[in-house]
2 protein chains.
Amino acid sequence: MTAAEEQPGSAAHVLELVANGSAASRADLVRELGLAASTVSARVQELVDAGLLAEDGEGASRGGRRPRRLRVPASGAVALAADLGSHHIRTGAVGLTGAAFDVEERAHDLTAGPEPAVEAIVGRLADLAERQRAAGRPVRGVGIGFPGPVDPATGRIVAPARMPGWHLYELRATLADRLGLPVVVDNDANALALGEHRAAHASLRHLVVVKAGRGIGSGVVSHGRIYRGARGSAGDISHVRVDAADGRPCSCGNVGCLETVASGAAIAAALRADGIAADSAADILRLVEHCEPRATTLVRQAGRHIGAVLSVVVNFFNPEAVVLGGALSGAEPLVAAVRGVLYERCLPMATSELTITAASGGPDAGLTGAGLAALQSAAPAP
Amino acid sequence: MTAAEEQPGSAAHVLELVANGSAASRADLVRELGLAASTVSARVQELVDAGLLAEDGEGASRGGRRPRRLRVPASGAVALAADLGSHHIRTGAVGLTGAAFDVEERAHDLTAGPEPAVEAIVGRLADLAERQRAAGRPVRGVGIGFPGPVDPATGRIVAPARMPGWHLYELRATLADRLGLPVVVDNDANALALGEHRAAHASLRHLVVVKAGRGIGSGVVSHGRIYRGARGSAGDISHVRVDAADGRPCSCGNVGCLETVASGAAIAAALRADGIAADSAADILRLVEHCEPRATTLVRQAGRHIGAVLSVVVNFFNPEAVVLGGALSGAEPLVAAVRGVLYERCLPMATSELTITAASGGPDAGLTGAGLAALQSAAPAP
DNA sequence: CCACTTCCTTCGGGCATCGAAGGAAGTGAC
DNA sequence: GTCACTTCCTTCGATGCCCGAAGGAAGTGG
């Protein structure tokens with residue numbers, strides 16, 4: 001029932017099923033994987049021998065012998081992860097279960113260019129690596145979520161809006177070099193999508209995860225994996241033209257983009273124009289929670305615009321769920337507006353079994369996703 | 001370089017590579033598949049023994065021994081195919097190469113309900129089967145392209161607009177029963193997408209094929225295969241709301257859908273309202289070719305509306321190509337308008353290597369796709 | 001306590017693929 | 001012409017993955 005990874009019954013796949021709770025015993029794995037019991041047993045044995053999996057007492061009987069429960073050992077491997085925002089760097093260690101340890105967020109202005117950002121990231125992650133190793137957890141790799149387009153094959157940043165100096169920056173190579181670990185760099189929305197998929201929707205095959213914060217991004221899960229499209233830019237909904245934004249110049253160089261009316265940055269700017277102090281998405285959220293009417297109106301409007309664009313996506317892509325993440329997804333009016341527009345505009349066939357929900361993975365979902373991506377790409381062999 | 005089918009080196013895959021011209025010898029197959037030469041040889045031998053593949057003289061040397069050329073034998077298996085339109089039934093036999101034989105189109109009003117349509121289809125296909133068998137070509141199955149939503153798992157028609165009596169009709173089961181052959185039923189746009197992909201864009205992985213005729217549909221190829229989404233309704237762009245259609249009631253029960261301003265039916269209705277006789281998409285095409293200004297304007301406008309919707313799709317899905325098919329794609333102004341809007345509105349990253357083109361598979365592309373789908377689903381073993 | 005279920009392992013065997021080795025046929029330099 | 005080299009394809013073990021049968025261990029429920 002869970003996302004396929006690589007081969008249907010590979011070691012990595014087994015590990016994932018145990019880590020995310022889909023399977024807690026060999027018998028569960030047999031049911032999930034559809035492989036012969038002997039095959040599963042052999043694979044589990046390998047993983048136990050390699051220290052990547054541990055037996056952990058017995059589970060409840062289902063009418064026969066009790067299963068021997070499996071779990072990922074506490075001393076299991078971790079990946080270091082960093083979730084980069086335009087104004088912060090969030091770091092942490094992510095285990096195979098998707099749990100994040102030792103999470104820390106610091107303010108940092110990414111627009112100041114790549115060098116200071118790399119210094120900050122390397123500093124934080126090197127400390128983190130040391131602490132993890134001291135705690136007996138081997139560090140397998142590094143995952144980075146970057147708030148802009150990333151070429152997934154090379155780990156290079158491509159033409160990010162509003163971040164001069166980053167274009168074609170070799171972020172993966174640089175970090176790999178500095179940290180001496182394999183590094184995976186992906187778009188932040190893709191990281192969030194991966195994290196949400198694993199944390200809350202592991203059984204779904206087709207999923208759209210929207211990250212609504214200062215900017216707007218989306219990550220697409222198709223057939224249980226991140227879908228990137230031809231050039232790696234799939235999931236962009238930020239620069240779709242909407243009529244309500246007619247003529248407004250966008251950071252992408254075009255005019256009338258969704259981002260210019262529905263992003264956190266746009267809402268904050270509109271509030272400031274009305275003399276209401278607001279800078280970040282968190283500020284907006286606070287205003288909405290305090291029932292500031294102007295903020296609520298703007299957020300609801302943003303939700304309607306996002307919903308209008310998503311209605312095309314839902315009809316076209318026919319996902320099983322639309323998950324709203326990012327700071328603004330904490331605002332109920334936004335979620336309600338998106339829901340309303342989608343149910344009103346989309347085909348009944350596309351919405352009849354569609355889940356529309358705010359992200360449930362918490363503030364670490366993006367971090368988790370970046371870490372899981374790194375763990376996944378690192379070979380599970382010891 | 002070609003679409004993956006099932007296992008990377010299955011018999012069906014080998015057959016497909018030879019059929020579509022990607023490989024003409026065992027050595028080519030080795031290069032395409034990345035398998036060991038011995039493995040490929042064994043698989044080819046099986047297919048030759050089964051009569052599904054034949055040796056055909058020798059090819060050109062590449063500096064060593066000449067390869068023994070492989071081809072699909074003329075007496076190879078075919079599938080019967082039917083491409084259903086709201087007002088016609090087109091039938092033919094499709095070989096593994098994607099060539100269609102014995103094609104015939106008859107007028108038939110599908111809105112009259114399923115029973116007369118089934119009679120017409122069975123009549124035509126039974127004749128066709130007899131002729132093919134007489135010519136020594138075994139008939140492996142039947143593929144149907146239906147102009148409405150199809151549940152791909154069951155081959156049932158689901159809630160087609162404007163076609164009372166078809167809802168939940170068991171088209172696959174009925175035809176399989178009547179013809180005594182395995183039947184595949186799919187949406188006509190999906191069939192067209194499959195046909196176009198094989199005929200002209202076999203090396204592309206992500207592709208959107210729009211069918212613009214009396215209605216508007218689209219078929220999506222992702223990772224080289226038809227993408228269906230959660231409920232099989234993926235690819236719908238017809239019922240996206242566009243502002244220019246504000247308030248117009250649509251056959252789907254909603255208002256303001258793309259279909260109400262950009263479909264062949266809508267254009268024809270607008271022309272009739274202006275006193276210009278037009279009924280079918282073919283009529284519109286004729287008017288455009290005769291430079292009737294009103295028709296040209298309407299078609300260009302339709303292209304802009306379709307382009308606006310596709311711009312969302314292109315940003316989100318990031319395909320390698322957008323292919324415009326269906327009768328209206330023969331109108332240059334429509335293609336030009338779609339191109340213009342896409343290049344204007346989409347992200348440079350999404351369009352920089354995007355191909356936007358009219359379908360090249362000819363009028364039989366949909367038929368071919370339906371037939372290929374049937375051949376593909378029928379096991380290649382004899 | 002006895003039949004039945006579930007869980008898991010051991011063992012032999014099937015099947016697909018691989019790589020090495022080599023034969024057949026061709027090219028091109030000398 | 002001939003000799004080295006290339007390409008094409010086949011034959012023949014060897015290997016590795018997976019399966020199913022058989023069976024032991026442990027529990028449940030009548």
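None of these values were measured; they are calculated from a predicted model.

Enquirer: Looking at this model, I keep getting lost on empty space enclosed by the protein. Mind explaining?
Expert: Any space left empty among the atoms is revealed by the rolling of a water-sized probe across them. All names here are of chain B. This model, assessed by the stated rule, comprises three cavities of 30 Å³ or more. Quantified by volume, the second largest cavity comes out at close to 50 Å³. Considering the residues around the second largest cavity, the lining is formed by G143, I144, V184, D186, N190, A191, L194, I226, G369, A370 and A373. Within the residue set of the lining of the second largest cavity, elements represented by two or more residues are β6 (139-146), β9 (183-187), α6 (188-200) and α13 (365-377). Across the lining of the second largest cavity, the residue classes tally to seven nonpolar, three polar and one charged.

Enquirer: Would you mind going over the pairing of strand β9 (residues 183-187) of chain A with me for this structure?
Expert: Every other side chain in a regular strand lies on the same face of the sheet, so the side chains alternate between the two faces. Residue and element names in this part refer to chain A. In terms of residue burial, β9 counts as a mostly covered element, since four of its five residues are buried. Here five bridges tie strand β6 (residues 139-146) to β9, and the two strands are oriented parallel to one another. Considered in β9, the bridge of G143 is made with V184.

Enquirer: In this structure, what is going on with the packing of aromatic side chains? I would like to understand it.
Expert: Tallied over the entire structure, the rule returns eight aromatic pairs over all chains. Judged by centre distance (5.6 Å) and plane angle (80°), the ring pair of W166 of chain A and Y169 of chain A falls under edge-to-face. Exposure remark for W166 of chain A: the relative accessible area of 0% places this residue in the buried category. Since its relative accessible area comes to 15%, Y169 of chain A is described here as buried. Relative to F317 of chain B, the ring of Y227 of chain A has its centre 5.1 Å away and its plane inclined at 10°; by these criteria the two rings are stacked. Separated into two different chains, Y227 of chain A in the loop between β12 (225-226) and α7 (259-262) and F317 of chain B in helix α10 (residues 293-317) make up a pair that spans both. Through successive ring pairs, a cluster of aromatic residues spans F146, W166 and Y169 of chain A.

Enquirer: Just to check I follow, could you spell out the relation of the copies chain A and chain B for this structure?
Expert: The pair of chain copies shares a relation made of a rotation about an axis and a shift along it. When chain A is brought onto chain B, the operation consists of a screw motion whose angular component is 180° and whose axial shift is 0.0 Å, with 0.2 Å RMSD remaining. Read as a symmetry element, the transformation amounts to a two-fold axis. When the interface residues of chain A are mapped onto chain B, 100% of them again fall at the interface, so both copies present the same face.

Enquirer: I'm lost on the protein's contact with DNA strand D in this one. Help?
Expert: Near DNA strand D there are 23 residues, and of these S38, R43 and R66 of chain A together with S41 and R68 of chain B occur at the shortest range. Contact distances for DNA strand D include 2.8 Å between a phosphate oxygen and a side-chain N or O atom of T39 of chain A. One of the side-chain nitrogen or oxygen atoms of R31 of chain B is found 3.3 Å away from a phosphate oxygen of DNA strand D. Where the surface near DNA strand D is concerned, the elements lending two or more residues are α3 (37-49) of chain A together with α2 (26-33) and α3 (37-49) of chain B. Residues belonging to the surface near DNA strand D are distributed by class as follows: five nonpolar, 10 polar and eight charged.

Enquirer: Looking at this model, I keep getting lost on the interface of chain A and chain B. Mind explaining?
Expert: Each partner contributes residues to the interface: chain A has 40 residues there, and chain B has 40 residues. A buried area of about 3,600 Å², summed over both sides, lies between chain A and chain B, and 59% of it is on carbon and sulfur atoms. The three residues of chain A that bury the most area against chain B are R231, F316 and M349 of chain A, which together make up 23% of that side's buried surface. Across the contact surface, chain A and chain B share four salt bridges.

Enquirer: For this particular structure, what's the right way to read the protein's contact with DNA strand C?
Expert: DNA strand C sits among 23 residues. The nearest are S41 and R68 of chain A together with A36, R43 and R66 of chain B. Interatomic distance of 3.5 Å between a backbone N/O atom of G63 of chain A and a base oxygen of DNA strand C. Measuring from a phosphate oxygen of DNA strand C, one finds a side-chain N or O atom of T39 of chain B at 3.0 Å. Where the surface near DNA strand C is concerned, the elements lending two or more residues are α2 (26-33) and α3 of chain A together with α3 of chain B. When residues of the surface near DNA strand C are assigned to their parent elements, the largest contribution, four residues, is made by α3 of chain A. Of the residues assigned to the surface near DNA strand C, the class counts are five nonpolar, 10 polar and eight charged.

Definitions and limits used
- Residues numbered from 1 in each chain as written.
- Chains lettered and ligands numbered in written order.
- Predicted model: local features only at pLDDT ≥ 70, side-chain atom pairs only at ≥ 80, totals over all residues.
- Heavy atoms only, no water.
- 1 Å grid on protein atoms, 1.4 Å probe; cavity = no way out; pocket = protein on both sides within 12 Å on 5 of 7 lines; lining within 4 Å.
- Points joined across faces, edges and corners; volume = space filled by probe spheres on them.
- Helix = DSSP H or I, 4+ residues; strand = E, 2+ residues; numbered from the N terminus.
- Nonpolar A, V, L, I, M, F, W, Y, C, P; charged D, E, K, R; others polar.
- Buried < 20%, exposed > 50% of the residue type's maximum accessible area, 1.4 Å probe, protein only.
- Pairing = 2+ DSSP bridges.
- Phe/Tyr/Trp six-rings, centres within 6.5 Å; stacked < 30°, edge-to-face > 60°.
- Least-squares fit on C-alpha atoms with pLDDT ≥ 70 in both.
- Contact = heavy atoms within 4.5 Å.
- Near = heavy atom within 4 Å.
- Polar contact = N/O pair within 3.5 Å; in protein donor to acceptor, adjacent residues only side chain to side chain.
- Buried area = accessible area lost by both parts, 1.4 Å probe.
- Salt bridge = Lys/Arg side-chain N within 4 Å of Asp/Glu carboxyl O.

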